[in-house]
Amino acid sequence: MPTLLIRNAQTIATQDDSQTELHNASVFVRDQWIEAIGPAETLPDTADTVIDARHHVVIPGLINTHHHMYQSLTRAIPSVQNAELFGWLRGLYPIWAGLTPAMVYTSTQVTMAELLLSGCTTSSDHLYIYPNGVTLDDSIEAAREIGMRFVATRGSMSVGQSLGGLPPDNVVENEAFILKDSQRVIESFHDARPGAMTQVAVAPCSPFSVSRDLMKTSAELARALGVRLHTHLAENDHDIAYSLEKFNCTPAQYAQDLGWLGRDVWHAHCVKLDDEGISLFAATRTGVAHCPCSNMRLASGIAPIRKMRDAGVPVGLGVDGSASNDAAHMLNEARQAMLLARLRKSMEAPFGCDTAPLEMTARDALQLATRGGAEVLGRKDIGQIKVGMCADLALFDLRTLNFAGGAVHDPVGSLMLCASANAAYTIVHGKVVVENGQLCTVDLGPLIERHNSFSKALANAAC
């Protein structure tokens, strides 16, 4: 089995139960598993691959719990740059109706390339629109080639405008087909074993695009097949108003009524989750994917993350769609989560702030992006640098301009407080996929050129 040695790292932030941070330490990997970690002199000094990490901080690979990768084709579309959620969706649905399998494959790889270069090793993706022969298989194949650990969610929309939903009728699917295809992709691709590179979840899009029946039957199917559940919930005020008008309850009450609470469920956003909803989520260990950049971009609000975490709600980070974030940089997402939490605190308690604890520290933000994400995705084999865990790691070179004057004081804190850097090395499943800041698995030049061509064609076709 191949071996890998990360030798003599300046700092290793393990994210173990004690939040141990080691200095002048090494990590030894055999195949895809971490076999040893400790002072450099106590570990082997040779391996099949050796990385000199003397000037690097090493962290667990970052974990992205919510994304829409196809949306990288519609970044910065002028007509929706200043729209909030519902207007933004209405403006983009007609463009996304032109998606093809090749577009989904290419956009998935572009987005994963950006994530990998930011130190992200595991990502979920919520693909909920399937025009022109698109299938979830297109995303899964793209992930396998580029080398990212992947949680592919089989999203869906079934309630179009004619039935009171938000999406146009031409982008929704038949519910019987949705369930049949969900079962197909689970049985074809889901791997429940420790160390799995591909897992599948069931993910009806949102309360305003699927029926109550589909929500219930999707949950039944997922639990019968042993996979997780995912959807959007309580994203902004319009989302709340829709639930109150259509269902006569809050989104959290709606989720409870339909069986969408539990350790096998995670919801994206939850910006407007009320105190009752937080209590329900905490009692059932229902997860939340916090997407700070997207929530700011679409003016959705500031999620009460400190309150959620204090109550016991599992929380991870998500970059969300590449057309609502316009980026897919996980280290930056963690930084923004920290800064936005601090802003929320100042807005709620503008006086005497210096005497109260901050809503989020730099290490809290790193925890959200690693262990928090692992818990939300139901993974016990990633999110920490620990013997027996998957060898998913990110290394950042502390000699770069980003860290000048910061890393000398606190290498771990500087990851969040200084300008967000790209990773020098990203290791997934024991394999180096980013080396010296360059992606190893896919040629980026032709990929970007192909992606830009698809992006133009998609937008032009909708004009």
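The residue count restarts for each chain, going from 1 along the sequence in the order it is written. pLDDT decides what is reported in this predicted model: residues at 70 or higher carry local features, side-chain atom pairs at 80 or more are listed and counted, and totals for whole chains, interfaces and linings draw on all residues regardless. Based on all heavy atoms of the structure, the side-chain values leave hydrogens and waters out of the count.

> Any chance you could break down helix α5 (residues 212-225) for me, citing the residues and the numbers?
A rise of 1.5 Å per residue sets the reference length of α5, with its 14 residues, at 20 Å; its end C-alpha atoms lie 20 Å apart and thus fit the reference within 8%. Note on classification: 1.4 Å probe, protein chains only; a residue is buried when its accessible area is under 20% of the maximum for its type, exposed when over 50%, partly exposed between these limits. A run of H or I in DSSP counts as a helix once it spans at least four residues, and a run of E counts as a strand once it spans at least two, with each numbered from the N terminus. Along α5, the residues that are buried comprise L214, M215, S218, A219, L221 and A222. Along the axis of α5, the buried residues cluster in a sector spanning 165°; they form a single face. Structural note: α5 exposes D213, E220 and A224 on the side pointing more than 90 degrees away from its buried face. Should any heavy atoms of two residues lie within 4.5 Å, those residues are counted as being in contact. Looking at the buried residues of α5, the elements they touch are β8 (149-156), α4 (175-189), β9 (198-204), β10 (229-233) and α7 (251-257). Just beyond α5, the residue with positive phi is G226, at close to 75°. To estimate the expected span of a helix, count its residues, drop one, and scale the result by 1.5 Å. Note that the arc is computed from the directions linking the helix axis to the C-beta atoms.

> Lay out the environment of I59 in plain terms, naming residues and giving numbers.
Examined against the element boundaries, I59 turns out to sit in strand β5 (residues 56-60). Linking I59 and C120, residues 61 residues apart in sequence, is a C-alpha distance of 10 Å. Excluding anything up to four places from it in sequence, I59 contacts A13, L366, I385, L393, A394, F396 and L415.

> Let's hear about the side chain of D16: which residues, and what values?
You can see D16 is positioned in the loop between β1 (3-13) and β2 (21-30). The charge count treats Lys and Arg as positive and Asp and Glu as negative. His and the chain ends do not count. Take a side-chain nitrogen of Lys or Arg and a carboxyl oxygen of Asp or Glu: if they are within 4 Å of each other, that pair is a salt bridge. Although D16 is buried, it makes no salt bridge; R371 carries the closest opposite charge, 5.9 Å away. Here a polar contact is recorded for every N or O atom pair within 3.5 Å, except that within protein the pair must consist of a potential hydrogen donor and a potential acceptor, and residues adjacent in sequence are included only if both atoms are side-chain atoms. Polar contacts involving the side chain of D16 include one to the main-chain amide nitrogen of Q19, which spans 2.8 Å. With residues up to four places along the chain from it excluded, the contact list for D16 reads R371 and Q384.

> Describe in detail the packing of helix α3 (residues 136-146) against α4, supporting the description with residues and values.
Between N-to-C directions, angles cover 0 to 180 degrees, with each direction set by a line fitted to C-alpha atoms, over the stretch in contact for helices. Their axes nearest at 11 Å, the elements α3 and α4 cross at an angle of 25°. By the angle between their axes, α3 is roughly parallel relative to α4. Once α3 is placed against α4, the crossing between them reads as right-handed. In this structure, α3 uses L136, D137, I140 and R144 to contact α4, whose residues at the interface are R184, V185 and F189. Residues are sorted three ways: Asp, Glu, Lys and Arg are charged, Ala, Val, Leu, Ile, Met, Phe, Trp, Tyr, Cys and Pro are nonpolar, and all the rest, Gly among them, are polar. A per-class count over the contact of α3 with α4 returns four nonpolar, no polar and three charged. Angle categories are assigned with fixed cut-offs, so that under 35 degrees is roughly parallel, over 145 is roughly antiparallel, 65 to 115 is roughly perpendicular, and the rest are oblique. Left-handed describes a crossing whose near helix is turned anticlockwise from the far helix through less than a right angle; right-handed describes the clockwise counterpart.

> Tell me what's going on with the pairing of strand β12 (residues 287-290), and back it up with residues and numbers.
Alternating residues of β12 divide into G287 and A289 and V288 and H290, and every residue in both groups is buried. What joins strand β11 (residues 265-269) to β12 is helix α8 (residues 275-284), and the crossover it makes is right-handed. Seen with the strands pointing away from the viewer, any crossover whose path from the first strand over the helix to the second strand runs clockwise is right-handed.

> Tell me about the pattern of salt bridges, residues and numbers included.
Applying the stated criterion across every chain, the model contains 22 salt bridges. Note that D364 is salt-bridged to R306, the shortest N-O span being 3.7 Å. One end of the pair, D364, is in helix α12 (residues 362-376); the other, R306, is in helix α10 (residues 305-311), and 58 residues separate them in sequence.

> Account for the nonpolar core, naming residues and giving values.
Taken as a class, soluble globular proteins show a tendency for nonpolar side chains to be buried jointly. The biggest cluster of nonpolar side chains holds 121 residues, and the ones touching the most others in it are W88, W96 and F396. Side-chain atoms within 4.5 Å link the members of a nonpolar core, which is a set of buried Ala, Val, Leu, Ile, Met, Phe, Trp, Tyr and Cys residues. Counting 20 residues, the second largest nonpolar core, distinct from the first, contains L4, I34, I51 and A391.

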